[in-house]
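Chain residues, written in single-letter form:
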Amino acid sequence: MAEVGAGLHKALQNGAIPQATIHLLQLRAGQLLGSTYFTVRETGNLRGIGESEERITAVATWRDATCFTDPERVALELVEAVLTPNPSGERVPDELYARASAHYDDRAMWSLIMAIAHIGFFTPAALIAKPIPGMPPGQNYSA
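What comes next is a walk through the structure. (Residues numbered from 1 in each chain as written. Predicted model: local features only at pLDDT ≥ 70, side-chain atom pairs only at ≥ 80, totals over all residues. Heavy atoms only, no water.)

1. Details of the nonpolar core
Put simply, the rule is: Side-chain atoms within 4.5 Å are what join buried Ala, Val, Leu, Ile, Met, Phe, Trp, Tyr and Cys residues into a set we call a nonpolar core. Relative accessibility thresholds used throughout: buried, under 20% of the residue-type maximum; exposed, over 50%; partly exposed, between the two (1.4 Å probe, protein chains only). We count a stretch as a helix when DSSP gives it H or I for four or more residues in a row; a strand needs E for two or more, and each element gets its number in order from the N terminus. Whether two residues touch is decided by their heavy atoms; if any such pair falls within 4.5 Å, the residues are in contact.
Leu 25, Phe 68, Leu 76, Tyr 104 and Leu 112 are the most contacted members of the largest nonpolar core, which has 31 residues in total. Mapped onto this core, the elements with two or more residues apiece are helix H2 (19-33), helix H3 (36-48), helix H4 (53-58), helix H5 (70-83), helix H6 (94-103) and helix H7 (106-129). Apart from the residues within four sequence positions on either side, Leu 76 is in contact with Leu 24, Leu 25, Arg 28, Val 59, Trp 62 and Phe 68.

As structure tokens, then:
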């Protein structure tokens, strides 16, 4: 599991999209999943790269916030679409993909997809084993 996770993490470091965008969408994913671990981790990551408290706290209400760029907005919308069940079926309609593609080239789109996949990969561990925020990897599980 660690090798796959490390590969996903390395893929996110390719520079195709800003690290802030990755951490913003992963924070939103943590909020949607109800994962304290993810939300604490990504809040810390955002602070670590110098993001403002306004932007960090506004992630929960990003649709009404004015502090996000259009590319960040579409990334947040994309992670919400992937993680939110849609009673009518399709979660990521072609229109959303087209809007995302207008802001991100193929390499960057795959980076967004991998950023969402990274959270998806670790979701069962985060929700079942309930890692302890702030503890080093390997020592952060209570179960």
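2. Quick notes on the side chain of Arg 28
Within the secondary structure layout, Arg 28 lies in helix H2. Arg 28 gets classed as buried once you look at its relative accessible area, which sits at 12%. When near neighbours in sequence (up to four residues on either side) are disregarded, Arg 28 contacts Val 59, Ala 60, Trp 62, Leu 76, Val 79 and Glu 80.

3. What about the packing of H2 against H3?
Quick note on the threshold: Fitting a line to C-alpha atoms yields each axis, with helices limited to the stretch in contact; the angle taken between N-to-C directions then spans 0 to 180 degrees. By definition in this entry, angles of less than 35 degrees are roughly parallel, angles greater than 145 are roughly antiparallel, angles of 65 to 115 are roughly perpendicular, and the rest are oblique. The handedness criterion is simple: a crossing whose near helix is rotated anticlockwise from the far helix by less than a right angle is left-handed, and one whose near helix is rotated clockwise is right-handed.
The N-to-C vectors of H2 and H3 enclose an angle of 160 degrees; their axes lie 8 Å apart at closest approach. In terms of axis orientation, H2 runs roughly antiparallel to H3. Where H2 crosses over H3, the two elements pack in a sense that is left-handed. In contact with Ala 20, His 23, Leu 24, Gln 26, Leu 27, Gly 30, Gln 31 and Leu 33 of H2, H3 contributes Phe 38, Thr 39, Arg 41, Glu 42, Thr 43, Asn 45 and Leu 46.

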